[in-house]
Amino acid sequence: MGIARRTEREAGSWTISGAPLTSGDDWQEWPAKHKGTDEQARARIVSFRPGTPTHARAAAHRKMQREYTLLASLRHESIVAPRDLVQDDDGNTVLVYPETPGYEPLDLALATRTLTAEQALTVLTRVSEALAYAHRNHVAHRGLGPSSVLIHTERLDAGRVEVRLVDWSWAG
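The rules we used
Residues numbered from 1 in each chain as written. Predicted model: local features only at pLDDT ≥ 70, side-chain atom pairs only at ≥ 80, totals over all residues. Heavy atoms only, no water. Pairing = 2+ DSSP bridges. Helix = DSSP H or I, 4+ residues; strand = E, 2+ residues; numbered from the N terminus. Axes fitted to C-alpha atoms, helices over the stretch in contact; angles between N-to-C directions. Contact = heavy atoms within 4.5 Å. Expected span 1.5 Å × (residues − 1). Buried < 20%, exposed > 50% of the residue type's maximum accessible area, 1.4 Å probe, protein only. Polar contact = N/O pair within 3.5 Å; in protein donor to acceptor, adjacent residues only side chain to side chain. Salt bridge = Lys/Arg side-chain N within 4 Å of Asp/Glu carboxyl O.

Draft legend 1. Focus on the sheet that holds strand E8 (residues 103-105). In spatial order, the strands read E8-E9-E10; together these 3 strands make up an open sheet with antiparallel pairing. Of all strands in the sheet, those bounded by a partner on one side alone are E8 and strand E10 (163-165). Shown here is a sheet whose adjacent strand axes are inclined to one another by a mean of 30 degrees, direction ignored. Alignment of E8 against strand E9 (residues 149-152), held across 3 bridges, turns out to be antiparallel. Counterpart to Pro 105 in the pairing with E9 is Leu 150. Where helix H3 (residues 117-136) meets the sheet, it contacts E9 and E10, and its direction lies at approximately 35 degrees from that of E10.

Printed below as a string of structure tokens:
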């Protein structure tokens, strides 16, 4: 009998399964599905090395709780705010974000296409408007870069520009 890797875990009203979608230095995002509505989402889980002290886990939880509190109150079409803050069955804090189908990071989108001057100006304007709204609400994006600006590629190819800001990296 071998050891089987767990493919599913529970986090509040969400089921997290599959393989990580993306990751950073100390976090991973996984596909998630709401148990009651079947809504698809992304679950961001902070990774801890075995033996991480309790105070370090608590500090990470407080940071994620602050990010959730700050971002969940924002209502702007270009800001992707978290849907839920839960704990998984291993006790890890999990931020749940809605899916953004059709969107991909700006840096990846621009690897295969070129923006017109008007499209580039629209991207900058929409990002600036979203940031101005966040700043008016005392929220700063601490990790803004091309990978945290998503653009809807199908609509872009049709001449329309739609952007979303994600990965607020412990918003403050």
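On we go from here.
Draft legend 2. Structural view of helix H1 (residues 54-72). With 19 residues, H1 should reach 27 Å at 1.5 Å per residue; the first-to-last C-alpha distance of 26 Å fits that figure. Regarding H1, the residues found buried are Ala 60, Met 64, Glu 67, Leu 70, Leu 71 and Ala 72. Those residues of H1 hidden inside the fold are in contact with strand E5 (40-46), strand E6 (84-87) and strand E7 (93-98).

Draft legend 3. Structural detail: the side chain of Arg 9. Residue position: Arg 9 is located in strand E1 (residues 8-11). A polar side-chain atom of Arg 9 sits 3.0 Å from a polar atom in the side chain of Asp 88. Residue contacts for Arg 9: discarding those within four places in its chain leaves Trp 14, Thr 15, Ile 16, Trp 30, Ile 45, Asp 88, Asp 89, Asp 90 and Asn 92.

Draft legend 4. Representation of the side chain of Thr 153. Mapped onto the secondary structure, Thr 153 falls in helix H4 (residues 153-157). Judged by its relative accessible area of 13%, Thr 153 falls in the buried class. Dropping the residues within four chain positions of it, Thr 153 is found in contact with Gly 102, Glu 104, Ala 109 and Arg 113.

Draft legend 5. Geometry of the pattern of salt bridges. Using the criterion set out here, one finds 10 salt bridges in the structure. Here Lys 33 makes a salt bridge to Asp 38, at a shortest N to O gap of 3.9 Å. Of the charged contacts in the structure, one is a salt bridge between Arg 164 and Glu 162, with a shortest N-O distance of 4.0 Å. Classification of Glu 162 as partly exposed rests on a relative accessible area of 22%. Taken together, the shared-partner salt bridges in this structure form one network comprising Glu 29, Arg 42, Arg 44 and Asp 167.

Draft legend 6. Fine view of the environment of Glu 104. Along the chain, the position of Glu 104 falls in strand E8. Since its relative accessible area comes to 26%, Glu 104 is described here as partly exposed. Through-space distance from the C-alpha of Glu 104 to that of Asp 25 is 20 Å; in sequence the pair is 79 residues apart. The contacts of Glu 104, once residues within four sequence positions are left out, are Ala 109, Arg 113, Val 149, Leu 150, Ile 151 and Thr 153.

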